[in-house]
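Coordinates in review
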Amino acid sequence: MQQTENGKKKRKINYMLMLFVDSKEGNVRQMGIGATVVESVAVILLAIIILLVLVCFRRGNRIDTLEAEVAASADALSAQETAILTLQEENADLIELREELMDKVTILSDTINQKVEQEEAQEQERAQAHMPVGFPLSSSASLEMSDGENPMVKLNGTVGSSIIAAADGTVVSVATDTGYLHCIRIDHGNGYNSIYRNDGDVMIKEGDDVVKGAILYVIGEDNTELGYQITYDEKYIDPMELINIDG
């Protein structure tokens with residue numbers, strides 16, 4: 001028999017799996033399974049165990065991945081909810097700001113409209129104030145139309161009353177007249193000129209700005225008559241077309 005370096009003989013280890021089977025009759029039988037079968041079974045069991053371990057490991061990783069994805073989804077959802085709440089708050093602020101701006105616009109529009117209406121009313125008043133529709137005497141008077149090429153109204157006032165401007169305007173001339181001592185011409189700035197002919201003392205001078213009712217002459221015993229004319233675009237028109245007798 002061949003010896004190893006240690007002087008000992010190698011011995012082959014054989015495995016035997018013994019099974020004892022109890023039959024229904026109470027007889028016990030002994031069954032033996034060889035080492036090769038046992039080893040094969042052990043290998044198969046080990047492979048199954050390893051496979052189960054790998055499966056469990058992979059499932060564990062998959063579970064961790066899913067849990068991480070769920071957590072990420074939850075974080076994303078929370079971020080989206082936060083963003084939505086922020087946008088809703090910003091939208092509410094914008095709506096409130098828009099309403100405030102609309103109120104301010106409405107107030108500003110009303111103010112502008114009122115201002116425009118006031119300016120239009122003032123402009124109408126100014127335009128009306130420059131229309132020579134006023135009665136050119138401060139008192140009642142008799143009147144007659146003068147015969148001549150250019151229409152003229154002759155008014156006879158009472159002593160102590162005044163000859164007055166029929167509208168707002170500027171005195172453009174104070175001249176000596178052929179039929180009367182003095183002739184005053186007022187330009188009303190709208191194409192109309194009013195002309196006042198009288199023998200009394202002139203109470204204004206050329207270049208003066210006058211308003212409706214401004215005194216041009218004071219009527220005395222010697223200057224009760226007024227020769228009154230109106231021109232439009234330098235053409236004479238009938239003064240009675242404009243004179244407001246009640247004014």
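Note: the structure precedes this text.
Parameters at a glance
- Residues numbered from 1 in each chain as written.
- Predicted model: local features only at pLDDT ≥ 70, side-chain atom pairs only at ≥ 80, totals over all residues.
- Heavy atoms only, no water.
- Helix = DSSP H or I, 4+ residues; strand = E, 2+ residues; numbered from the N terminus.
- Buried < 20%, exposed > 50% of the residue type's maximum accessible area, 1.4 Å probe, protein only.
- Contact = heavy atoms within 4.5 Å.
- Areas by Shrake-Rupley, 256 points an atom, 1.4 Å probe, with all protein chains shown as cover.
- Pairing = 2+ DSSP bridges.
- Phe/Tyr/Trp six-rings, centres within 6.5 Å; stacked < 30°, edge-to-face > 60°.
- Polar contact = N/O pair within 3.5 Å; in protein donor to acceptor, adjacent residues only side chain to side chain.
- Salt bridge = Lys/Arg side-chain N within 4 Å of Asp/Glu carboxyl O.

Further remarks concern the overall build of the protein chain. Secondary structure assignment for the protein chain yields one helix and 12 strands. Scanning the protein chain from its N terminus toward the C terminus, one meets helices and strands in the order β-β-α-β-β-β-β-β-β-β-β-β-β. For the protein chain, the residues scored as buried account for 22% of the 247 residues in total. Residue pairs at least 24 apart in sequence account for 56% of intrachain contacts in the protein chain once pairs closer than 6 positions are excluded. For the protein chain, the computed accessible surface area is about 17900 Å², with 55% contributed by carbon and sulfur atoms.

Moving on, we come to the pairing of strand S7 (residues 182–187). In this sheet, S7 lies alongside strand S6 (residues 169–176) in antiparallel orientation, the contact comprising six bridges. Bridge pairing in S7 places Ala175 opposite Cys183. Between S6 and S7, which follow one another and run antiparallel, lie five residues. Counting the residues in the hairpin turn of S7 and strand S8 (residues 192–198) gives four residues, including Gly189, whose phi is positive at 80°.

Further remarks concern the packing of aromatic side chains. The final tally for this structure, using the stated rule, is two aromatic pairs. Judged by centre distance (4.5 Å) and plane angle (40°), the rings of Tyr192 and Tyr232 are tilted. Residue Tyr192 is located in strand S8, and its partner Tyr232 is located in strand S11 (residues 225–232); the two are separated by 40 residues in the primary sequence. Both rings, one in Tyr196 and one in Tyr228, keep their centres 5.2 Å apart while their planes meet at 45°; by these two values the pair is tilted.

Our focus in this paragraph is the pairing of strand S4 (residues 153–156). Only one face of S4 is buried, namely the one carrying Val153 and Leu155, since none of Lys154 and Asn156 on the opposite face is buried. Note: strand S3 (residues 142–145) against S4, four bridges, orientation antiparallel. If you follow Ser142 over to S4, its bridge partner there is Asn156. Strand direction decides the pairing type here: S4 and S11, joined by four bridges, are antiparallel. Bridging from a neighbouring strand, Val153 pairs with Tyr228 of S11.

Turning our attention to the side chain of Thr231. When you line up the elements, Thr231 lands in strand S11. Non-local contacts of Thr231, meaning those with residues more than four positions away in its chain, are made with Arg185, Gly191, Tyr192, Asn193, Ile195 and Tyr236.

A few words on the side chain of Asp177. By the element assignment, Asp177 lies in the loop between S6 and S7. What makes Asp177 buried here is its relative accessible area of 14%. Only 3.0 Å separates the side chain of Asp177 from the backbone nitrogen of Tyr180, close enough to count as a polar contact. Those residues in contact with Asp177 that lie beyond four places of it in its chain are His182, Cys183 and Arg197.

A separate point is the pattern of salt bridges. Tallied over the full model, the rule gives three salt bridges. Its salt-bridge partner being Arg126, residue Glu123 comes within 2.7 Å of it at the nearest N-O pair. Here Glu123 and its partner Arg126 are both found in helix H1 (residues 35–129), three residues apart, which amounts to about one turn of the helix. A salt bridge links Lys205 to Asp208; the shortest N-O distance between them is 3.2 Å. Judged by relative accessible area, Lys205 falls into the exposed class, the value being 54%.

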